[in-house]
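A closer look at the structure
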Amino acid sequence: GNEEFTAGLLSVVKPAIEGVDSQVQSLRAAQSKLKDNIDSLTGELTHIADMQKDLPNLEHYVKKLMSIKRRITTVNNVLTNVQDRVGVLQTRVNKEQARKRTLLNAN
């Protein structure tokens, strides 16, 4: 009786334990691969940081580009306003032409 119970319990629990063990091994392998990838990325980033130390200071050029961007934005805003006004004028011209056509057709 007691041995049969133990054998029955073991037959139920053993597959679950083996499944958990397999998943733990897979997780450990994935974590090891992730650690290797992080180490590789850290090395690459360190290399990039070291290369940047040798580059000239680009702040002056960045400021120039930002200034140019502001001017372009201003010009773009002016052009948008002009385009809006032209659109309003075109609408008025179209309405006036339609009104004249209506008057000519009425006569």
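Everything discussed here concerns the structure shown above.
Criteria and cut-off values
- Residues numbered from 1 in each chain as written.
- Predicted model: local features only at pLDDT ≥ 70, side-chain atom pairs only at ≥ 80, totals over all residues.
- Heavy atoms only, no water.
- Helix = DSSP H or I, 4+ residues; strand = E, 2+ residues; numbered from the N terminus.
- Rg over C-alpha atoms; globule rule 2.2 N^0.38 Å.
- Buried < 20%, exposed > 50% of the residue type's maximum accessible area, 1.4 Å probe, protein only.
- Areas by Shrake-Rupley, 256 points an atom, 1.4 Å probe, with all protein chains shown as cover.
- Lys, Arg positive; Asp, Glu negative; His and termini not counted.
- Charge placed at Lys NZ, Arg CZ, Asp CG, Glu CD.
- Patch = residues over 30% accessible without salt bridge, like charges linked within 9 Å, V, L, I, M, F, W, Y side chains within 5 Å.
- Salt bridge = Lys/Arg side-chain N within 4 Å of Asp/Glu carboxyl O.

**Examining the overall build of the protein chain**
- Scanning the protein chain from N- to C-terminus turns up 2 helices and 0 strands.
- Compactness check: the protein chain gives a C-alpha radius of gyration of 38 Å against a globular reference of 13 Å for 107 residues, more than 25% above the reference.
- Here the C-alpha coordinates of the protein chain stretch approximately 115 × 60 × 15 Å along the principal axes.
- Residues classed as buried in the protein chain amount to 0% of the 107 residues present.
- Taken as a whole, the protein chain presents about 10200 Å² of accessible surface, with 60% of it coming from carbon and sulfur.
- Side chains of the protein chain give 16 positive and 12 negative charges; the mean places of these two sets differ by 29 Å.

**Some thoughts on a nonpolar patch on the surface**
- Taken together, the side chains of F5, L9, V12, V13 and I17 define a hydrophobic patch exposed on the protein surface, amounting to about 490 Å² of accessible area.
- Locating L9 in the fold gives a position in helix α1 (residues 2-53).
- Relative accessible area serves as the criterion here: at 45%, L9 is assigned to the partly exposed category.

**What about the pattern of salt bridges?**
- According to the stated counting rule, one finds 3 salt bridges in the structure shown.
- Across the pair E18 and K14 runs a salt bridge, and its minimum N-O distance is 4.0 Å. With E18 and K14 both in helix α1 and 4 residues apart, this pair spans about one turn of that helix.
- A salt bridge links K35 to D39; the nearest nitrogen and oxygen atoms lie 2.9 Å apart. Of this pair, K35 and D39 both sit in helix α1, 4 residues apart, roughly one helical turn.

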